[in-house]
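# Descriptive analysis of the structure
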Amino acid sequence: ALYYLGNAHAALEQYDQAIVAYTTWIEKYQTVELVPLVIQRLAYAYWSKGLSQDALGQFDRILKMPDAPNRDQAYFETGRLLEQQGQKDKALETFNKVATDFPSSPWTSEAVARIIALGGTPPAREPKPPQATEGASDPSQAAPPSPASP
């Protein structure tokens with residue numbers, strides 16, 4: 001109930017009450033798998049109040065949880081906060097971390113876009129294997145001859 005209460009307060013832009021609800025939930029349910037997700041919501045509440053350092057602290061808590069399912073998003077949001085604070089080099093480093101360490105994440109394409117927007121170079125991707133094309137000059141790629149008609 002506290003989690004939903006926190007969400008309701010956040011939706012109503014009552015961030016102080018949301019912070020209290022999320023913090024109470026985290027203290028009460030420290031071993032529940034949802035903790036990283038609730039910490040993320042707490043970070044967003046701090047961010048919405050303009051408390052960027054507190055938000056960064058909460059995202060950092062997630063980053064220190066090796067099994068957190070939302071580490072990719074926490075890295076991405078950390079990069080956004082750093083970018084917002086004018087810390088371009090740190091933001092680029094963080095966006096590169098998303099693109100490198102989480103190549104299958106939906107946040108990777110967003111991170112690559114931010115890297116490019118900030119004037120950086122995205123990390124290299126694995127090259128795709130060459131595809132066989134029609135009329136390939138390699139005889140091993142040619143189609144077998146068709147049987148002669150009688």
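Structure shown above.
Scope of this entry: the structure provided in the associated data block. Quick caveat: nothing in here was measured; it's all calculated off a predicted structure.

### Considering the side chain of H9
In this structure, H9 sits in helix 1 (residues 2–11). Relative accessible area serves as the criterion here: at 17%, H9 is assigned to the buried category. Filtering out sequence-adjacent residues up to four positions away, H9 remains in contact with Q14, Q17 and A18.

### Some words on the pattern of salt bridges
Going through the model one piece at a time under the given rule, you end up with 5 salt bridges. The closest approach of N and O atoms between E83 and R114, which form a salt bridge, is 2.3 Å. With E83 in helix 5 (residues 71–84) and R114 in helix 7 (residues 106–117), this pair connects stretches of sequence that are 31 residues apart. A relative accessible area of 26% means that R114 is categorised as partly exposed.

### Observations regarding the packing of aromatic side chains
This structure, assessed with the given rule, holds 9 aromatic pairs. A ring pair is formed by Y3 and Y4, whose centres lie 5.6 Å apart and whose planes are at 65°; its orientation type is edge-to-face. For Y4, a relative accessible area of 61% puts it in the exposed group. Taken together, a centroid distance of 6.3 Å and an interplanar angle of 50° make the contact between Y3 and Y22 tilted. Of the two residues, Y3 sits in helix 1 while Y22 sits in helix 2 (residues 15–28), which places them 19 residues apart along the sequence. Look at Y22 and you get buried, because its relative accessible area is 0%. Members of the aromatic cluster, joined through ring pairs, are Y3, Y4 and Y22.

### A look at the nonpolar core
One finds Y22, F59 and F95 to be the most contacted residues of the largest nonpolar core, which totals 34 residues. Of all the secondary-structure elements, those providing two or more residues to this core are helix 2, helix 3 (35–48), helix 4 (52–63), helix 5, helix 6 (88–101) and helix 7. Those residues in contact with F95 that sit more than four places away from it in its chain are F76, G79, R80, E83, A111, R114, I115 and L118.

### What to know about helix 7
Those residues of helix 7 lying buried are T108, A111, V112 and I115. Each buried residue of helix 7 sits inside an arc of 100° when the element is viewed along its axis, so together they form one side. Turned more than 90 degrees away from the buried face of helix 7, the exposed residues are P106 and A117. The positive-phi residue at the C-terminal boundary of helix 7 is G119, with phi of around 85°.

How each quantity is defined
- Residues numbered from 1 in each chain as written.
- Predicted model: local features only at pLDDT ≥ 70, side-chain atom pairs only at ≥ 80, totals over all residues.
- Heavy atoms only, no water.
- Helix = DSSP H or I, 4+ residues; strand = E, 2+ residues; numbered from the N terminus.
- Buried < 20%, exposed > 50% of the residue type's maximum accessible area, 1.4 Å probe, protein only.
- Contact = heavy atoms within 4.5 Å.
- Salt bridge = Lys/Arg side-chain N within 4 Å of Asp/Glu carboxyl O.
- Phe/Tyr/Trp six-rings, centres within 6.5 Å; stacked < 30°, edge-to-face > 60°.
- Core = buried A, V, L, I, M, F, W, Y, C linked by side-chain atoms within 4.5 Å.
- Arc of directions from axis to C-beta.

Everything listed here is a matter of geometry and, on its own, says nothing about what the molecule does.
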